[in-house]
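These are the residues of each chain, in order.
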Amino acid sequence: MRSSVSYFSLLLVPLLWTGTASGQSAPAQPQVGQAPAPAADQLAQTPGAQLITLEQAIQLALAHNHNLLAARTTIQQSQAEEITANLRPDPVLMGDIQFLPIFQPSNLTSDYIDNTAQFDLGVSYLFERGKKRQHRLQAAKDQTAVIRDQVSDNERTLTFNVAMGFINVELAESTLELANQDLKSFRETVDINQARYNAGAIGLDDLLKMKLQLLQFQTDVLQAKVARVQGLSDLRQLLGYEQVSAAYDLAGSFDYQPMKGGLEDLQATALKTRPDLRAALQGVAAANSLFQLQKAIAKRDVTGQINYTHLGYLNDVSLFGSMQLPIFDRNQGEIKRAAFAITQAQEQQVYTNGQVLTDVRDAYEGLRANDEIVGLYLSGYLDEAQQSRDIAEYAYRHGAASLLDFLDAERSYRATQLGYRQSLASYLQALEQLREAVGTRSLP
């Protein structure tokens with residue numbers, strides 16, 4: 001093995017000298033530790049397109065996403081229920097005429113109506129006991145608070161989906177940038193080998209293998225273009241289809257963003273900011289309000305009535321009052337059900353509390369793992385893949401390496417670059433998942 005390496009080094013030195021002296025264009029010999037920086041942060045933006053940053057995309061989605069706008073109407077509906085809950089009972093107007101001679105119409109005279117017929121006119125009103133209206137209003141307000149937090153949780157989910165879609169488009173654009181660079185570089189190599197074949201320096205077999213390999217590079221470009229177009233289309237739907245131009249693009253850098261927050265601080269922040277946990281806590285308050293309302297309903301209301309009666313020469317006023325006797329129905333079932341509903345809400349709140357802590361821990365560990373993977377690529381593997389390809393390409397062009405060696409180095413370079421971009425996208429997605437788990441984009 002050592003002898004073959006020494007032979008290759010001795011062969012490469014005169015080739016380098018020959019290439020320089022003849023003035024032929026050839027790639028510069030790579031130097032260890034000086035490989036170019038990865039191009040993962042270069043996005044294939046369309047010139048003249050409407051550019052949207054991640055924060056702008058989130059704001060557009062929060063303002064124009066139709067599913068979210070539909071969910072927000074539930075808050076307004078619940079507020080309308082508060083109006084209904086706070087309404088007082090309407091009074092009831094009653095009237096009657098008695099002793100009309102229907103079967104003796106000849107007796108239906110003004111004297112008969114004035115002296116014999118009876119006229120009644122009355123008003124009744126339901127007096128609610130147990131502060132039912134106040135309890136109804138409080139229960140409705142607590143339910144509105146629950147719905148408001150649920151809608152906030154929908155906003156949290158939508159923000160996460162927009163960020164994930166944004167990263168997917170960034171990955172597609174970065175992959176497209178890499179595919180275009182690889183295609184351009186490999187096409188130049190094919191052109192050089194075509195000239196070498198014409199000069200009789202290489203055989204037809206090597207030239208055909210190079211041209212067949214070019215197909216893979218062209219396929220990579222087309223697949224990356226499709227992924228980019230589909231990603232932009234899906235993201236546009238989240239942002240509000242009518243609000244974004246069809247020819248829009250993303251403005252941003254697809255690069256590494258370090259995060260230094262500790263797990264305990266993130267969990268503490270999540271317990272304060274997660275809207276689904278706030279909704280669960282408010283659900284306990286709403287269940288207590290409904291329990292108090294059911295207890296108030298158990299108290300029977302009183303109906304008061306005042307009547308004016310005209311009969312002959314008499315004009316009288318009568319007072320009436322009525323109330324159900326709570327002998328059998330004291331609303332026992334609903335009171336018991338509401339009590340169990342409080343226990344249900346409390347259990348859901350405890351579960352949600354644990355779910356928040358679990359979500360933060362899982363997202364944090366996922367971020368750490370992806371961070372380590374990205375660190376491996378940045379620690380030297382990207383440079384080594386670049387250097388390996390450059391050496392193999394230079395050696396092959398000067399006859400010091402076989403075509404298979406060059407193609408193998410090219411495949412390793414592409415796989416390493418693509419793996420880095422996918423790992424970077426996974427890291428950024430894990431970071432967004434952590435933001436969603438904590439409930440805020442401003443991580444401690």
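> Even after reading the chapter, I still don't get the overall build of the protein chain, so can you show me in this structure?
Within the protein chain, the secondary structure is distributed over 10 helices and six strands. With an accessible surface of roughly 25100 Å², the protein chain has 56% of that area assigned to carbon and sulfur atoms.

> Looking at this model, I keep getting lost on the environment of Q386. Mind explaining?
Among the structural elements, Q386 can be located in helix α9 (residues 332-397). Spatially, the C-alpha atom of Q386 lies 9.3 Å from that of R414, the residues being 28 residues apart in sequence. Among the polar contacts made by the side chain of Q386, one reaches the side chain of Y413 at a distance of 3.4 Å.

> I would appreciate a short explanation of the nonpolar core in the present structure.
One recurring pattern in soluble globular proteins: nonpolar side chains tend to sit buried together. F254, M259, L266, V360, L367 and L434 are the most contacted members of the largest nonpolar core, which has 26 residues in total. If you list the elements that add at least two residues to this core, you get α5 (132-198), α7 (263-273), α9 and α10 (403-438). Here this core gets 10 residues from one element, more than from any other, and that element is α10. Every residue in contact with L266, bar those within four places of it in the chain, is listed here: M259, G261, V360, Y364, L434, V438, L443 and P444. Core analysis: the second largest hydrophobic core is formed by 22 residues, A57, A71, L158 and V244 among them.

> Can you walk me through the sheet that holds strand β6 (residues 314-323) in this structure?
Strand-to-strand pairing in sheets goes through backbone hydrogen bonds, with the strands running parallel or antiparallel. Strand order in the open sheet made by the four strands is β2-β3-β5-β6, with antiparallel pairing throughout. What marks the edges here is a single partner per strand, and that holds for β2 (92-98) and β6. Between one strand axis and the next, the sheet turns by 15 degrees as a mean value, whatever way the strands run. In this sheet, β6 lies alongside strand β5 (residues 302-311) in antiparallel orientation, the contact comprising 10 bridges. Looking at β6, one finds that Y308 is bridged to V317.

> Is there a simple way to think about the confidence of the model for the protein chain in this case?
In low-pLDDT segments, the atomic positions of the prediction should not be examined closely. Looking at the protein chain, pLDDT values average 86 and 89% of them are 70 or higher. Across the protein chain, the secondary-structure element scoring lowest on mean pLDDT is helix α1 (residues 2-22), at 36, and the one scoring highest is helix α8 (residues 275-297), at 97. With pLDDT under 50 throughout, residues 1-42 is counted as low confidence; its partners more than four residues away or in other chains account for 49 contacts.

> Explain the layout of surface pockets to me, please; I cannot follow it from the model alone.
Empty space among the atoms becomes apparent when a probe as large as a water molecule is rolled across them. By volume, the largest pocket is sized at about 370 Å³. Lining the largest pocket are 19 residues; nearest its centre among them are T175, D220, Q223, A224 and L418. When grouped by side-chain class, the residues that make up the lining of the largest pocket number 10 nonpolar, five polar and four charged. Quantified by volume, the second largest pocket comes out at close to 260 Å³. What lines the second largest pocket is a set of 16 residues, among which R156, T159, G439, T440 and R441 lie closest to the centre. Counting residues per element, the ones that place at least two in the lining of the second largest pocket are α2 (54-64), α5, α8 and α10. With five residues, α5 is the single largest residue contributor to the lining of the second largest pocket. Residues of the lining of the second largest pocket, tallied by class, amount to four nonpolar, five polar and seven charged.

What counts and what doesn't
Residues numbered from 1 in each chain as written. Predicted model: local features only at pLDDT ≥ 70, side-chain atom pairs only at ≥ 80, totals over all residues. Heavy atoms only, no water. Helix = DSSP H or I, 4+ residues; strand = E, 2+ residues; numbered from the N terminus. Areas by Shrake-Rupley, 256 points an atom, 1.4 Å probe, with all protein chains shown as cover. Polar contact = N/O pair within 3.5 Å; in protein donor to acceptor, adjacent residues only side chain to side chain. Core = buried A, V, L, I, M, F, W, Y, C linked by side-chain atoms within 4.5 Å. Buried < 20%, exposed > 50% of the residue type's maximum accessible area, 1.4 Å probe, protein only. Contact = heavy atoms within 4.5 Å. Pairing = 2+ DSSP bridges. Axes fitted to C-alpha atoms, helices over the stretch in contact; angles between N-to-C directions. pLDDT = per-residue confidence, 0-100. 1 Å grid on protein atoms, 1.4 Å probe; cavity = no way out; pocket = protein on both sides within 12 Å on 5 of 7 lines; lining within 4 Å. Points joined across faces, edges and corners; volume = space filled by probe spheres on them. Nonpolar A, V, L, I, M, F, W, Y, C, P; charged D, E, K, R; others polar.

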